[in-house]
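# Results of the structural survey
Here's the letter readout for the chains.
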Amino acid sequence: MNCPQDWPEPIVRVQSLSDSGVAVIPDQYIKPSMERPEEFSENTQTNIPIIDLEGLFDDQHGLMLNSSIIELIYQACREWGFFQVVNHGVSPNLMDQAREVWRDFFHMPMETKQEYANSPKTYEGYGSRLGVEKGAILDWSDYYFLHYRPSSLKDHNKWPSAPLALREVIEEYGKQVVELAGKLMKVLSINLGLKEEYLQNAFGGDDIGACLRVNFYPRCPQPDLTLGLSSHSDPGGMTFLLPDHDVPGLQVRKDHKWITVKPARHAFIVNIGDQIQVLSNAIYKSVEHRVMVNSLKERVSLAFFYNPKSDLLIEPAKALVTPDTPALYPGMTFDQYRLYIRMRGPRGKSQVESLKSPR
Ligand code: OGA
Ligand code: NI
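Calculation notes
- Residues numbered from 1 in each chain as written.
- Chains lettered and ligands numbered in written order.
- Predicted model: local features only at pLDDT ≥ 70, side-chain atom pairs only at ≥ 80, totals over all residues.
- Heavy atoms only, no water.
- UniProt positions renumbered as here; feature names shortened; annotations may be inferred.
- Donors = N, O, S within 2.8 Å, 3.2 Å for Na, K, Ca; no water.
- Buried < 20%, exposed > 50% of the residue type's maximum accessible area, 1.4 Å probe, protein only.
- Near = heavy atom within 4 Å.
- Polar contact = N/O pair within 3.5 Å; in protein donor to acceptor, adjacent residues only side chain to side chain.
- Areas by Shrake-Rupley, 256 points an atom, 1.4 Å probe, with all protein chains shown as cover.
- Helix = DSSP H or I, 4+ residues; strand = E, 2+ residues; numbered from the N terminus.
- Nonpolar A, V, L, I, M, F, W, Y, C, P; charged D, E, K, R; others polar.

As named in an unreviewed UniProt entry, the protein is Fe2OG dioxygenase domain-containing protein, taken from Vitis rotundifolia. Its UniProt record gives the protein a comment under Catalytic activity (unreviewed entry), which states: "jasmonate + 2-oxoglutarate + O2 = (1R,2R)-12-hydroxyjasmonate + succinate + CO2". Here the protein is described in UniProt, under the heading Sequence similarities (unreviewed entry), as follows: "Belongs to the iron/ascorbate-dependent oxidoreductase family."

Next comes the structure, spelled out in structure tokens:
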């Protein structure tokens, strides 16, 4: 099975809708009442854990095994599936540049952006929907999707040529985030009682996949009726989200409630994706999240996905499968796995849950 060559209906840029000044959003963006954001969220004080990585690694990326930080990461992966990291080694200045260069891209004339219009075949480029079902309810956002790894898929010609600094900034940004991801993969492996290199090797060693989805959430005249991004869990390995510095919007599901993330300055929001839930045999949780929009401010976020090489079989680590804890998932390649979200769009955790073997 493959994704179709083209979208099932003409693409509407949400940014154009927003800029047109409509007071009422089209029906296709109106969510069923159960899925709409609540007016007042309780738990306004609650936040996902914030973990300071200072001192976790020595200069050669050697992991400090005695560090209490490791335990904090373990708890966060189990209980939240989400955490923020500070002192993570990625240059704060580069983070700001990366976000602002993309904001500038989205503010370029529509004709310039349309040159990169994407198709459901690969999703690379400028897009406005996820999923190919005709008549589906859509999210209030546009995005840009590009490959960073493997190098065979990285093609600078598919990255915007303007703003001028974009390719260079994003090249360096990808490099630094991949480095951080490699470090965290070690921590996640050790916390499962596996060898430091286990998860990295399961992902393909040096040959991992990595891609960037830049989300642009335009202002919305009726933010209580829609979502910027519907509830979903990330299909890949691990996600490094750089949120907008001053516009909240991301919500994480915790004990059946939606918690609005309060971003710390120059932090990355890290979350476990479905592939690591599978590899860890559900010791780590890939957690549902969604994005709210607002009527006053646009929001830009960079979601960097660190994924297994797409044709490797991903299955629960053998060492974690015991008579008491049988394998919860069948093996599957990431290529097969992500077709689901690419065809149907974001649908909570329905995919990874549906794969669970009956016990
Ligand atoms: C995503 C995502 C959250 C955000 O792109 O998968 O969850 O805050 N983004 O934009
Ligand atoms: Ni996500």
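## Section: the coordination of the nickel ion (ligand 2)
At 2.1 Å from the nickel ion (ligand 2) lie its protein donor atoms, namely H232 (NE2), D234 (OD) and H289 (NE2). Between consecutive donors of the nickel ion (ligand 2), the numbers of intervening residues give the motif H-x1-D-x54-H. Exposure class is identical for H232 and D234. Each is buried.

## Quick notes on the site of ligand 1
The full set close to ligand 1 counts 14 residues, and Y217, H232, H289, R299 and S301 are the nearest of them. Between D234 and ligand 1, the recorded distance is 3.2 Å, taken from a side-chain N or O atom to an oxygen atom. H289 places a polar side-chain atom, nitrogen or oxygen, 2.9 Å from an oxygen atom of ligand 1. About the coverage of ligand 1: the protein hides 97% of its 300 Å² of free accessible area. At the level of elements, strand 5 (209–217), strand 6 (229–232), strand 11 (289–291) and strand 12 (299–307) are the ones that each hand at least two residues to the shell around ligand 1. Looking at which element gives the most residues to the shell around ligand 1, the answer is strand 12, with four residues. Broken down by class, the residue content of the shell around ligand 1 amounts to seven nonpolar, four polar and three charged.

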